[in-house]
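# Coordinates in review
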Amino acid sequence: RLSFALLKEAREHLETLDQYFVASDAVVTRHCKEFVKRLMEKFDKPESFDQLTKAHANIRELEVIAEKNISKVLVNTQNLGDLQTKTEKMRNNAADFRSNAAELNRIMYWRNMRLNIIIGSMVLGGLGYAYLIPVSYTHLRAHETPEHLVCRLLLEKKK
């Protein structure tokens, strides 16, 4: 299609060259070189004048864009699958964590309760020991004040 357009344009141009046949070979050669140069520049970018070539170029660009988009969709689909797998693993790990935390909470509650019972028993035992065990006479005399001494001496005198 493009080659026929090139030949058609060259033929039309050559038909208008009747005036150059009387000119010298140098003028005709120069004119032909300029004409061929313009034709090469024009037909080097056929999108600029041929609508069908322009449409094909646009379709090629759209195909490239569509291929890239399809590749991205495939990658995103795979990434979505990976993300769903990771989400499921995290959900399972969270459930395991919750059950382990509840079990640990029960264990720590009973350890704390046992410690409180032991400390309470020790305090009650210490208080019971202090109030229920008789104290020796020598121990009492060690804590005697002068007022107590007077009372003790008076009590001993009565005996």
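Just so it is clear, the structure is predicted and the values come from calculations on it, not from any experiment. (Residues numbered from 1 in each chain as written. Predicted model: local features only at pLDDT ≥ 70, side-chain atom pairs only at ≥ 80, totals over all residues. Heavy atoms only, no water.)

Our focus in this paragraph is the pattern of salt bridges. This structure, assessed with the given rule, holds 1 salt bridge. Residue Arg-91 is joined to Glu-88 by a salt bridge in which the shortest nitrogen-to-oxygen separation is 2.9 Å. Within this pair, Arg-91 and its partner Glu-88 are both found in helix 3 (residues 51-132), separated by 3 residues, close to a single helical turn. Note on Glu-88: relative accessible area 38%, which makes it partly exposed. (Salt bridge = Lys/Arg side-chain N within 4 Å of Asp/Glu carboxyl O. Helix = DSSP H or I, 4+ residues; strand = E, 2+ residues; numbered from the N terminus. Buried < 20%, exposed > 50% of the residue type's maximum accessible area, 1.4 Å probe, protein only.)

Enumeration according to the criterion identifies 1 aromatic pair in this entry. Residues Tyr-109 and Trp-110 carry aromatic rings whose centres are separated by 5.2 Å and whose planes lie at 80 degrees to one another, so their mutual orientation is edge-to-face. Of the residues examined, Trp-110 reaches a relative accessible area of 56% and is grouped as exposed. (Phe/Tyr/Trp six-rings, centres within 6.5 Å; stacked < 30°, edge-to-face > 60°.)

Before going further, it helps to spend a moment on a nonpolar patch on the surface. On the surface, a nonpolar cluster with roughly 800 Å² of combined accessible area is contributed by Leu-115, Ile-119, Val-123, Leu-124, Leu-127, Tyr-131 and Leu-132. With respect to the helices, strands and loops of the structure, Leu-115 is situated in helix 3. (Patch = residues over 30% accessible without salt bridge, like charges linked within 9 Å, V, L, I, M, F, W, Y side chains within 5 Å. Areas by Shrake-Rupley, 256 points an atom, 1.4 Å probe, with all protein chains shown as cover.)

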